[in-house]
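# Breakdown of the fold
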Amino acid sequence: MNHINKLKIFNDPIYGFISIPNELIYDLIQHPYFQRLRRISQMGLSYLVYPGANHTRFHHALGCMHLMQKAIDTLRFKDVAISSEEENALYIAILLHDIGHGPFSHAMEKSIVEDVHHEAISLLFMNQLNNEFDGKLSLAIQVFKGEYHRKFMLQLISSQLDMDRMDYLKRDSFYTGVAEGNVNSERLIQMMNVVEDVLVIEEKGIYSVEKFLLSRRLMYWQAYLHKTSLVAELILMKVLKRAKELTLKGLSLPCSEPLRYFMQNKITLEYFDAEKLDLFSQLDDFDIISALKAWQKQDDFILSTLSKMIINRDLLKIKLSAEKIPMEESQSLKEEFAEQHHISALDAGYFIFRGKIKNQAYSKEAEPIRILKKDKTIEDVVEASDQLNLKSLSKLVTKYYICFPKQLI
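As a starting point, this report considers the structure included with it. (Residues numbered from 1 in each chain as written. Predicted model: local features only at pLDDT ≥ 70, side-chain atom pairs only at ≥ 80, totals over all residues. Heavy atoms only, no water.)

## A few points about the nonpolar core
We count it as follows: Nine residue types can take part in a nonpolar core, namely buried Ala, Val, Leu, Ile, Met, Phe, Trp, Tyr and Cys, and a core is a set of them joined through side-chain atoms within 4.5 Å. Under the scheme applied here, a residue whose accessible area is under 20% of the maximum for its type counts as buried, over 50% as exposed, and between as partly exposed, the area being computed with a 1.4 Å probe on protein chains only. Per the convention used, a helix needs a DSSP run of H or I reaching at least four residues, while a strand needs a run of E reaching at least two, with both numbered from the N terminus.
Core analysis: the biggest nonpolar cluster contains 140 residues, and Leu156, Met163, Trp295, Phe351 and Val381 have the highest contact counts within it. Top contributing element to this core by residue count: helix α12 (residues 227-248), with 11 residues.

## Quick look at the pattern of salt bridges
Cut-off, in case you're wondering: Salt bridges are defined by distance alone: a side-chain nitrogen of Lys or Arg within 4 Å of a carboxyl oxygen of Asp or Glu.
In the structure shown here, the tally under the stated rule is 21 salt bridges. Two residues, Asp12 and Arg171, come together in a salt bridge whose shortest N-O distance is 3.0 Å. Linking Asp12 in strand β1 (residues 9-12) with Arg171 in helix α9 (residues 163-176), this pair joins segments that are 159 residues apart in sequence. This pair shows no difference in class: Asp12 is buried, exactly as Arg171 is. With a closest N to O distance of 3.1 Å, Glu87 and Arg76 form a salt bridge.

## Notes on the sheet that holds strand β4 (residues 198-202)
Rules: Between any two strands, pairing holds if DSSP finds at least two bridges. For every element, the axis is a line fit to its C-alpha atoms; helices are fit only across the contacting stretch, and the angle between N-to-C directions ranges from 0 to 180 degrees.
If you trace the four strands from one edge of the open sheet to the other, you get β3-β4-β7-β8, paired in mixed fashion. Pairing within the sheet leaves two strands with one partner each, and these edge strands are β3 (192-195) and β8 (378-380). Averaged over all pairs of adjacent strands, the angle between their axes in this sheet comes to 45 degrees, without regard to strand direction. Across four bridges, β3 lies against β4 in antiparallel orientation. Bridging across to β4, Val195 finds its partner in Val198.

## Topic: the pairing of strand β9 (residues 397-404)
The side chains of a regular strand alternate, residue by residue, between the two faces of the sheet. Summarising the sheet, strand β5 (residues 317-321) and β9 pair through five bridges and their orientation is antiparallel. Bridge assignment links Ser321 to a residue of β9, and that residue is Tyr400. Note that strand β6 (residues 353-359) and β9 share seven bridges and pair antiparallel. When the bridges of β9 are listed, Arg354 appears paired with Ile402.

## Concerning the environment of Asp79
You can see Asp79 is positioned in the loop between α3 (57-77) and α4 (84-95). Between the C-alpha atoms of Asp79 and Asn193, which are 114 residues apart in sequence, the distance is 9.3 Å.

## So, helix α15 (residues 285-295)
What counts is decided by this rule: Of all possible arcs, the one meant is that of the directions from the helix axis to the C-beta atoms. Contacts described as polar in this section are N or O atom pairs within 3.5 Å, which, within protein, must combine one atom able to donate a hydrogen with one able to accept it, while residues neighboring in sequence count only if both atoms come from side chains.
The set of residues buried in α15 consists of Asp285, Asp287, Ile288, Ala291, Leu292 and Trp295. Within α15, the buried residues cover an arc of 160 degrees as seen down the axis, which keeps them to one side. The distance from a side-chain oxygen at the start of α15 to the backbone nitrogen of Phe286 is 2.9 Å, and the residue carrying that oxygen is Asp284.

## A short note on the sheet that holds β6
Pairing within the open sheet is antiparallel, and its three strands lie in the order β5-β9-β6. Looking along the sheet, the strands with just one partner apiece sit at the ends: β5 and β6. On average, each strand axis in the sheet is inclined to that of its neighbour by 30 degrees, with strand direction left out of account.

## Thoughts on the environment of Ser290
Residue placement: Ser290 occurs in helix α15. Judged by its relative accessible area of 45%, Ser290 falls in the partly exposed class. For the pair Ser290 and Arg38, spaced 252 residues apart in sequence, the C-alpha separation works out to 17 Å.

## Here's the deal with the pairing of strand β2 (residues 16-19)
Sheet topology places β1 next to β2; four bridges connect them, and they run antiparallel. What sits directly across from Ile9, in β2, is Ser19. Between β1 and β2, which pair antiparallel in sequence order, lie three residues.

## Some thoughts on empty space enclosed by the protein
Heads up, the rule is: For cavity detection a 1 Å grid was placed over the protein atoms alone, and a set of points counts as a cavity when a 1.4 Å probe fits there but cannot get out; an open set counts as a pocket when protein lies on both sides within 12 Å along at least five of seven lines, with lining residues being those that have an atom within 4 Å of a point. Grid points are joined across faces, edges and corners, and a volume is the space filled by probe spheres set on the points. Each residue gets one of three labels, nonpolar for Ala, Val, Leu, Ile, Met, Phe, Trp, Tyr, Cys and Pro, charged for Asp, Glu, Lys and Arg, and polar for the others, Gly among them.
The full count for this structure, using the stated rule, is two cavities of 30 Å³ or more. By volume, the largest cavity amounts to about 90 Å³. Considering the residues around the largest cavity, the lining is formed by Gln155, Ser159, Gln160, Leu161, Leu199, Val200, Ile201, Glu367, Pro368, Ile369 and Arg370. No other element matches the three residues that β4 contributes to the lining of the largest cavity. Class assignment for the residues of the lining of the largest cavity results in six nonpolar, three polar and two charged.

## Points about a positive patch on the surface
Quick reminder of the rule: Excluding any residue in a salt bridge, patches collect residues exceeding 30% relative accessible area, merging like charges within 9 Å and nonpolar Val, Leu, Ile, Met, Phe, Trp and Tyr side chains within 5 Å. Each accessible area is a Shrake-Rupley estimate made with a 1.4 Å probe; only the visible protein chains count as cover when residues are assessed. When charges are counted, Lys and Arg contribute as positive and Asp and Glu as negative, whereas His and the chain ends are disregarded. Lys charges are placed at NZ, Arg charges at CZ, Asp charges at CG and Glu charges at CD.
A cluster of basic residues, Lys324, Arg354, Lys356 and Lys358, forms a positive patch at the surface. The topology assignment puts Lys324 in the loop between β5 and α17 (327-341). Lys324 sits in the exposed class, given a relative accessible area of 65%.

## Thoughts on the packing of aromatic side chains
Note the cut-off: Planes of paired rings set the category: under 30 degrees apart is stacked, over 60 is edge-to-face and the rest tilted, where pairs are Phe, Tyr or Trp rings (Trp by its six-membered ring) whose centres lie within 6.5 Å. Placement of a positive charge over a ring is assigned whenever Lys NZ or Arg CZ falls within 6 Å of the ring centre and within 35 degrees of the normal to the ring plane.
Evaluation of the coordinates by the stated rule reveals 14 aromatic pairs. For the pair Phe301 and Phe337, a centre-to-centre distance of 6.5 Å together with 35 degrees between the ring planes defines the contact as tilted. Taken together, the positions of Phe301 in helix α16 (residues 301-311) and Phe337 in helix α17 put the pair 36 residues apart, joining distant regions of the chain. What makes Phe301 partly exposed here is its relative accessible area of 28%. Among the residues examined, Phe337 registers a relative accessible area of 2% and is labelled buried. Seen in terms of ring centroids, Phe337 and Phe351 are 4.9 Å apart; in terms of plane orientation they differ by 45 degrees. Their pairing is tilted. With Phe337 in helix α17 and Phe351 in the loop between α18 (345-348) and β6, the pair connects residues that are 14 residues apart, well separated along the chain. Each member of the pair, Phe337 as well as Phe351, carries the same accessibility label: buried. Every member of this aromatic cluster is reached through a ring pair, and the members are Tyr33, Phe125, Tyr261, Phe262, Phe272 and Phe280. Positioned above the aromatic ring of Phe58, the side-chain terminus of Arg38 is 3.8 Å from the ring centre.

This is the structure we're talking about:
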């Protein structure tokens, strides 16, 4: 029998070569649960704005693992003791942190699966894989859940300055062409240290942290919360909601079997057993796009019109405002649209709706980014920084929106 070489390398356009550290990691990457991430886009429908944004969650997960390798090397060089078991746990936890994402991520969480967040599904996948791999993921799961006594390990995976954010900002900036998002992850990692099991950034790295936070804020406004990406995702949520509504009324819509299952059943976290997890693992972006293509031809005016909007990129108009949009404004638009198309004002709510978006680059409520000063004291980055803009970056900015069909302008 041929022995498979499992210590392979990937060629990444951002970091160059990414190596697989050991055979267990290779086997996890090869698993169908993980391979599915090749079919889940990292930025949802943002390719409707930035044509290059077609990269996947598979790509992102490998990038995060690569940065984790760099972080472990740096910390060991600074005499932070990390055992080989802990090292492996960090690789597994960061590699699988996004494995629970559904097709088009957040649109799925708010429409077809009832408020089950991707983190919860990631954990279900990890537990399932742990059974298959004879308990080899136990420590990784402990770290991922924040139950391991060495706090800095969770901070490397999930915090305001973690491998996840460092990779997605750099990667999304590269693929969208939004240069403002490009962060210097190498410099940030070189500046990391651990004091009393807590992650800190050495004082000379403070400007890199400031640039990282500013990049994050700009990427949110220019890419993640770009109004066209936002309206496309909102329409997708409405399409899925409508499809579920029609399915529950007994209408049989053309779609894949896994998608049909989630539309026919109300699935909450407590009902997510191994069988449902397996069905969920068969869902990806292709199920949704295929369904939208078929639904364009359905008799239901709402479903077909909204599906066409996404497929043909002929979206609703979206208007952003710093002030709350009055209810009367959307009400009168609904009445006008309902009259035009002979539908109820309630159904017109699929085309005319209001909401709000929030952006906060740095949260004072969450675990802070700690700066290790030269005198060995530790300070929150906002206090340590001489930049006034860091204070404003920790302010929560809210914008209000209204969406409506273009013909109502």
